[in-house]
Amino acid sequence: MIRIYGILAFALPAGLHGAGRTAAVCLFFAVLYAVARADKRTMKIPDKLVWTALGIGLFSIPLFPEIGLPERMLGMCSASLLLLGIALCVPGAFGGGDIKLMAACGLFLGWRYSLLALGIAVFAGAAYGIRLLAAGKADRKTRIAFGPFLCIGMAAAVLWGEQILSVLW
């Protein structure tokens, strides 16, 4: 981790704004990968990774000025509050790690990409669940880790968000 901060400390003062943006996205993707692996293995999202995602979101504020602070704050609330509402209505539907992850990553993504990421995650998770049911490897009570699907949704939103939203809107 120290090496990454050292690289960023070198790139940003040198006026390499694009390098800072690239580094932020790469760090974000690295955290998403770590979250997906951890959640798949343990069915838990470590708080350290959530805090790291939040830190990357804070670091990205001056690098992505096109995502304003109000949009980022709404990003922290939009998808995470939807997950929280569902979790309160349907106990066990989502874990606290999923909710905290969406809040932390919403700071990086903003509200539009945050909601898009959640939509992609729901469809991807549902497709996976249907596949497991059809193959007889699961029943309706089988629990699956949702974090990997959130990570897929967030990565897709970062990579293709504008294209997807232009089709949907």
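Rules used in this analysis
Residues numbered from 1 in each chain as written. Predicted model: local features only at pLDDT ≥ 70, side-chain atom pairs only at ≥ 80, totals over all residues. Heavy atoms only, no water. Helix = DSSP H or I, 4+ residues; strand = E, 2+ residues; numbered from the N terminus. Buried < 20%, exposed > 50% of the residue type's maximum accessible area, 1.4 Å probe, protein only. Contact = heavy atoms within 4.5 Å. 1 Å grid on protein atoms, 1.4 Å probe; cavity = no way out; pocket = protein on both sides within 12 Å on 5 of 7 lines; lining within 4 Å. Points joined across faces, edges and corners; volume = space filled by probe spheres on them. Nonpolar A, V, L, I, M, F, W, Y, C, P; charged D, E, K, R; others polar. Expected span 1.5 Å × (residues − 1). Arc of directions from axis to C-beta. Core = buried A, V, L, I, M, F, W, Y, C linked by side-chain atoms within 4.5 Å. Salt bridge = Lys/Arg side-chain N within 4 Å of Asp/Glu carboxyl O. Axes fitted to C-alpha atoms, helices over the stretch in contact; angles between N-to-C directions. Parallel < 35°, antiparallel > 145°, perpendicular 65-115°, else oblique.

Peer 1: Quick question: what am I supposed to make of the overall build of the chain here?
Peer 2: The secondary structure content of the chain amounts to six helices and zero strands. In sequence order, the chain lays out its α and β elements as α-α-α-α-α-α. Relative to its 169 residues, the chain shows a buried fraction of 40%. Contacts spanning at least 24 positions in sequence make up 75% of the contacts within the chain whose residues lie at least 6 apart.

Peer 1: Would you mind going over the layout of surface pockets with me for this structure?
Peer 2: Summary: where empty space remains is shown by rolling a probe the size of a single water molecule over the atoms. Roughly 820 Å³ of volume is contained in the largest pocket. Broken down by element, the residue count for the lining of the largest pocket peaks at ten residues, all from helix α5 (residues 96-134). Grouping the constituent residues of the lining of the largest pocket by class yields 15 nonpolar, seven polar and seven charged. In terms of lining, the second largest pocket is formed by V25, F64, I67, E71, F108, L109, R112, Y113, V158 and E162. The element that contributes the greatest number of residues to the lining of the second largest pocket is α5, accounting for four residues. Tallied by class, residues from the lining of the second largest pocket come to seven nonpolar, no polar and three charged.

Peer 1: Can you walk me through helix α3 (residues 47-60) in this structure?
Peer 2: Along an α-helix, a turn takes 3.6 residues, which lines up residues three or four apart on a common side. The end-to-end C-alpha distance of α3, which contains 14 residues, comes to 20 Å, matching closely the 20 Å that a straight helix rising 1.5 Å per residue would cover. Within α3 the residues assigned to the buried category are L49, V50, A53, L54, I56, G57 and S60. Taken end-on, α3 shows its buried residues confined to a sector of 160°, consistent with a single buried face. Exposed residues lying more than 90 degrees from the buried face of α3 are K48, W51 and L58.

Peer 1: Whenever I open this one, the nonpolar core confuses me. Can you help?
Peer 2: Buried together is how nonpolar side chains tend to be arranged in soluble globular proteins. Membership of the largest hydrophobic core comes to 41 residues, with the highest contact counts inside it found for F28, L101, C105, L109, L150 and M154. Mapped by element, the contributors of at least two residues to this core are α2 (17-42), α3, α4 (69-89), α5 and α6 (147-168). Tallying contributions element by element places α5 first for this core, with 13 residues.

Peer 1: I'm lost on the pattern of salt bridges in this one. Help?
Peer 2: Here the idea is simple: oppositely charged side chains can pair when their charged atoms come close. For the coordinates displayed, the defined rule picks out three salt bridges. In this structure, the salt-bridge partner of R21 is E66, at a minimum N-O distance of 2.8 Å. Here the residue R21 occupies a position in helix α2, and E66 occupies one in the loop between α3 and α4, the gap between them amounting to 45 residues. Accessibility expressed as a relative area gives 25% for R21, which makes it partly exposed. One salt bridge connects D47 with K100, and the closest N-O pair in it is separated by 2.6 Å. Of the two residues, D47 is situated in helix α3 and K100 in helix α5; the sequence distance between them amounts to 53 residues. Using a relative accessible area of 39% as the deciding quantity, one classes D47 as partly exposed.

Peer 1: It is not clear to me how the packing of α5 against α6 should be interpreted in this structure. Could you clarify?
Peer 2: Geometry of a packed helix pair, given as the angle between the helix axes and the separation of the axes. Taken N-terminus to C-terminus, the directions of α5 and α6 make an angle of 95°; their axes are 6 Å apart at the nearest point. When the interaxial angle is binned, α5 and α6 end up roughly perpendicular. Residues of the contact of α5 with α6, tallied by class, amount to 23 nonpolar, four polar and three charged.

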